[in-house]
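Fold and geometry: a report
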Amino acid sequence: MLPHTISEIISGLRDKQFSSREITQDYLTRIKRLNPELNCFITITEDLALSQAEQADARRNAGEASILNGVPLAHKDVFCTEGVTTTCGSRMLEKFVPPYESTVTRKFMEAGAVTLGKTNMDEFAMGSSNENSYFGPVRNPWDTERAPGGSSGGSAAAVAAGLCAAATGTDTGGSIRQPAAFCGLTGLKPTYGRVSRLGMVAFASSLDQGGPFARTAEDAALLMNVMAGHDPMDSTSALNPTEDYTSALAQPLTGVTIGLPKEYFSSQLNAELEKALQEAIKVYESLGASFKEVSLPHTELSVPAYYVIAPAECSTNLSRFDGVRYGHRCDNPKDLEDLYQRSRSEGFGDEVKRRILIGTYALSAGYYDAYYRQAQKIRRLIKNDFVSALNEVDALLCPTTPDVAFKLGEKTSDPVQMYLEDIFTIPASLAGLPALGLPCGFKGGLPVGMQLIGNYFTEARLLNLGHQYQLNTDWHKRSPALGE
């Protein structure tokens, strides 16, 4: 049986229970066996992985191993990887091989981590179910008839199924936290700007943020120690100094005050999920934390504001895919207009086209003030709500999703119902706040997730809260059977 956590792999490598090449080969064998059913990976980088593993073993034998040296990871296929296809789950980039490396993937390579492959995702990170990929839907390893969440569903499903030790994802409106909830994982959306966006193909530039998927908060802290930090090549990268995210994990929770936003515990939340959250609250109380009800009064406006702002930014960012410079180009265009129209029509899927149209409309003359500017004003009100609440408490505890993973195809005919899946995750994204998703129970054999939202650059505090909870529960230790 493969180790479950990064910490276990680090210990095994240190104690020479196995080599990096051996465990990498075991993961690759498992990927080949299970990926045809789950469809987690778009690209499997077997030769690269084995080469990196051998180099990691050589460094370890020479006494030069860093903490993540030889640990096998996967990367969401939105991060550019030099010499390795980066598709963003789209026909538009089906054959795109970047000539440069994203900052995130470069940092992991420099830390000695092994790249197993690039994971499936909703096209250009637009979706909540991973059904919008040109390469087909990802299946939830807990129930292969259900969605793993999106847009980072491939990364989440791969970690949950034991196809990699951990994986990178991106979160624009909940695309790390929602898949983490559906797949029973720990997933962190850092503060906007905490992780470099260089080489991360843009969906909505003021919202996109990279982060880790792992089984435990401890593992997420180890990954953040590599991912986080200022990048002078990214104008949106925060200058705030990073910290050792593992250093505060053991800190006791006595005296910590956690807020419960009353707007999140509403009729939209399934009763069984609320019961799981109440049990989590009891665990925190037993650890010395206290709770206080707070209000985020503009929560109900978050979804409509987001679905003006994000499509507007998507419309702008995706205008570069015109069939001229790179990406898909139609065959035998009659003229320049035909080239543009057919290349984009053939290259983009339905959901991406829908969002481009919405965003272009919202930014058009006569509608900018009525829609986009108003949405940005609402965004400020939502941010102010959080600032006010987090002045009273150390963090907020709330649900991640209204219910557990839904069946594939269940919501594809109604985009609005699909958008409402993000109702509990979007507000923190609009405010640019860090949020940690954790498993906290099961409903009908499917994982239930909760999230902890903190003030700006308090990832260490959130990881401490998550770690202490996981020391006293075992939800994060459970794995789907997958016929084993």
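Scroll up to find the structure this text is about.
The text that follows walks through the structure, step by step, so that each part is easy to find.

Quick look at the state of the cysteines
Following the criterion strictly, the structure yields 0 disulfides and no others. No disulfide involves C164; its sulfur sits 8.0 Å from the nearest other cysteine sulfur, which is in C40.

Topic: helix 8 (residues 271–286)
Over its 16 residues, helix 8 runs 23 Å from end to end, which matches the ideal 22 Å to within 8%, given 1.5 Å per residue. Among the residues of helix 8, those classed as buried are L273, A276, L277, A280, I281, V283 and Y284. Relative to the axis of helix 8, the buried residues are bounded by an arc of 155° and lie together on one face. What points out from helix 8, more than 90 degrees from its buried face, is the exposed set A271, K275 and S286. The inward-facing, buried residues of helix 8 contact strand 7 (257–261), strand 8 (290–294), strand 9 (395–399), strand 10 (435–443), strand 11 (446–454) and helix 15 (459–471). The backbone nitrogen of E272 has a side-chain oxygen 2.8 Å away, supplied by the residue at the start of helix 8, namely N270. Where helix 8 ends, the next residue or the one after it, G288, has phi of about 105°, a positive value.

As for the packing of helix 7 (residues 217–227) against helix 15
Between helix 7 and helix 15, the shortest axis-to-axis distance is 8 Å and the interhelical angle comes to 155°. Accordingly, the angle class assigned to the pair helix 7 and helix 15 is roughly antiparallel. Facing helix 7, whose interface residues are A217, E218, A220, A221 and M224, helix 15 presents E459, L463, G466, H467 and Q470. Grouping the constituent residues of the contact of helix 7 with helix 15 by class yields 5 nonpolar, 3 polar and 2 charged.

A few points about the sheet that holds strand 10
Spatially, 11 strands are ordered 1-3-2-4-6-5-10-11-9-7-8 in an open sheet, and the strand pairing comes out mixed. Each edge of the open sheet is held by one strand with a lone partner, namely strand 1 (41–44) and strand 8. Strand-to-strand, the axes of this sheet are offset by a mean angle of 30°, without reference to chain direction. Looking at chain direction, strand 2 (residues 72–76) and strand 3 (residues 114–119) are connected through 4 bridges and run parallel. Among the inter-strand pairings, K76 is bridged to a residue of strand 3, identified as T119. Together, strand 1 and strand 3 form the strand contacts of helix 3 (residues 46–61), whose direction differs from that of strand 3 by roughly 155°. Against the sheet, helix 12 (residues 368–390) engages strand 8, strand 9 and strand 11, with an angle of about 120° to strand 9.

Concerning the pattern of salt bridges
Enumeration over the complete set of coordinates arrives at 18 salt bridges. K118 serves as the salt-bridge partner of D77, at 2.9 Å between the closest nitrogen and oxygen. Of this pair, D77 sits in the loop between strand 2 and helix 4 (103–110) while K118 sits in strand 3; the two residues are 41 residues apart in sequence, bridging distant segments of the chain. Of the two residues, D77 and K118, neither departs from the other in class, the shared state being buried. Linking R177 and D171 is a salt bridge whose minimum nitrogen-to-oxygen distance equals 3.0 Å. Looking at R177, the relative accessible area reads 0%, which means it is buried. Connected through shared salt-bridge partners, D338, R342 and E346 make up one network.

Describing the packing of helix 1 (residues 6–14) against helix 7
Axis angle and axis distance: for two packed helices, these are the angle between their axes and the distance between the axes, and together they describe the pair. Between helix 1 and helix 7, whose axes approach to 8 Å, the crossing angle comes to 70°. Taken as axis vectors, helix 1 and helix 7 run roughly perpendicular relative to one another. On helix 7, the residues that touch I6, S7 and I10 of helix 1 are E218, D219, L222 and L223. Considered class by class, the residues forming the contact of helix 1 with helix 7 number 4 nonpolar, 1 polar and 2 charged.

Comments concerning the environment of G199
Here G199 shows up in the loop between strand 5 (186–189) and strand 6 (209–214). For the pair G199 and A435, spaced 236 residues apart in sequence, the C-alpha to C-alpha distance is 23 Å.

Some thoughts on a nonpolar patch on the surface
Together, V324, L336 and Y340 make up a nonpolar patch on the protein surface, roughly 250 Å² of accessible area in all. Considering the arrangement of structural elements, one finds V324 in the loop between helix 9 (302–317) and helix 10 (336–347).

Quick look at the packing of aromatic side chains
According to the stated counting rule, one finds 17 aromatic pairs in the structure shown. Relative to F442, the ring of W142 lies with its centre 5.1 Å away and its plane at 65°, an arrangement referred to as edge-to-face. Note that W142 is positioned in the loop between strand 3 and helix 5 (153–160) and F442 in strand 10, a separation of 300 residues in sequence. Aromatic pair Y284 and Y469: ring centres 5.5 Å apart, planes at 20°, arrangement stacked. Of the two residues, Y284 sits in helix 8 while Y469 sits in helix 15, which places them 185 residues apart along the sequence. Like Y469, Y284 is buried. Three or more aromatic residues joined by ring pairs form one cluster here, namely F96, F124, F321, Y326 and F348. The ring centre of F406 lies 5.4 Å from the NZ or CZ of K411, which sits over that ring.

Conventions adopted
Residues numbered from 1 in each chain as written. Predicted model: local features only at pLDDT ≥ 70, side-chain atom pairs only at ≥ 80, totals over all residues. Heavy atoms only, no water. Disulfide = S-S within 2.5 Å. Helix = DSSP H or I, 4+ residues; strand = E, 2+ residues; numbered from the N terminus. Expected span 1.5 Å × (residues − 1). Buried < 20%, exposed > 50% of the residue type's maximum accessible area, 1.4 Å probe, protein only. Arc of directions from axis to C-beta. Contact = heavy atoms within 4.5 Å. Polar contact = N/O pair within 3.5 Å; in protein donor to acceptor, adjacent residues only side chain to side chain. Axes fitted to C-alpha atoms, helices over the stretch in contact; angles between N-to-C directions. Parallel < 35°, antiparallel > 145°, perpendicular 65-115°, else oblique. Nonpolar A, V, L, I, M, F, W, Y, C, P; charged D, E, K, R; others polar. Pairing = 2+ DSSP bridges. Salt bridge = Lys/Arg side-chain N within 4 Å of Asp/Glu carboxyl O. Patch = residues over 30% accessible without salt bridge, like charges linked within 9 Å, V, L, I, M, F, W, Y side chains within 5 Å. Areas by Shrake-Rupley, 256 points an atom, 1.4 Å probe, with all protein chains shown as cover. Phe/Tyr/Trp six-rings, centres within 6.5 Å; stacked < 30°, edge-to-face > 60°. Lys NZ or Arg CZ within 6 Å of the ring centre and 35° of its normal.

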